[in-house]
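If you want the building blocks of each chain, they are given just below.
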Amino acid sequence: MRSPDGPRLHVFAAMAGALCLTLLIACQKNMTSRNSPSPPRDINAVLAAHDRELLARPGVVGVYVGLMADGKTACLKVMLARKDPELERSIPRTLEGYPVVAEVTGEIKPLNPRSR
């Protein structure tokens, strides 16, 4: 004898299985995004935490948030007064997961307000 609830039971089981699969995939994606190498802090907070340390190096004339050559990836830019391989080697390659790029800008001097 066959139960009249048989087809309903199969539909319910299929729906429950689909729900479990969806939850499993969602949890896996959430865990993967937490383990990604992306930086945990906002880049501006990272700059604020490290700007004095970078500016204390002789030859560093400024730091700012910029973009890598790809035009999409945020990075920290360190402005150098002149090309100095030793200084460039002393600048960290990354800070808190963000790339750090050194660029020679030359000396930076304030504008004279009387010359305007």
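Structure shown above.
Attention here is on the structure that accompanies the text. (Residues numbered from 1 in each chain as written. Predicted model: local features only at pLDDT ≥ 70, side-chain atom pairs only at ≥ 80, totals over all residues. Heavy atoms only, no water.)

## Regarding the overall build of the protein chain
Secondary structure assignment for the protein chain yields three helices and four strands. For the protein chain, the sequential pattern of α-helices and β-strands runs α-α-β-β-α-β-β. Taken across its 116 residues, the protein chain has 21% of its residues classed as buried. For the protein chain, the proportion of contacts with a sequence separation of at least 24, taken over those separated by at least 6, is 47%. Accessible area of the protein chain: about 9100 Å², with a carbon and sulfur share of 60%. (Helix = DSSP H or I, 4+ residues; strand = E, 2+ residues; numbered from the N terminus. Buried < 20%, exposed > 50% of the residue type's maximum accessible area, 1.4 Å probe, protein only. Contact = heavy atoms within 4.5 Å. Areas by Shrake-Rupley, 256 points an atom, 1.4 Å probe, with all protein chains shown as cover.)

## What about helix H2 (residues 43-55)?
Relative to the 18 Å expected for 13 residues at 1.5 Å per residue, H2 spans 17 Å between its end C-alpha atoms, a close match to the ideal helical length. When the local axis directions of H2 are compared, the greatest deviation, roughly 40°, occurs at alanine 49. When we look at burial in H2, the residues that qualify are Ile43, Val46, Leu47, His50 and Leu54. Here the buried face of H2 lies against strand E1 (60-67), strand E2 (74-80), strand E3 (94-95) and strand E4 (98-104). (Expected span 1.5 Å × (residues − 1). Bend = angle between axes of the 7 residues up to and from the residue.)

## Some points on the environment of isoleucine 108
Examined against the element boundaries, isoleucine 108 turns out to sit in the segment after E4. Sequence separation of isoleucine 108 and valine 61 is 47 residues, and the distance between their C-alpha atoms is 6.5 Å.

## Considering the pairing of E4
Taken residue by residue, a regular strand's side chains alternate between the two faces of the sheet. Inspection of the sheet shows E2 paired to E4 by five bridges, in the parallel sense. When the bridges of E4 are listed, methionine 79 appears paired with glutamate 103. Sheet analysis places E3 next to E4, joined by two bridges and oriented antiparallel. Of the residues in E4, the one forming a bridge with leucine 95 is tyrosine 98. The turn linking E3 back onto E4 is made up of two residues, and glutamate 96 within it adopts a positive phi angle of 50°. (Pairing = 2+ DSSP bridges.)

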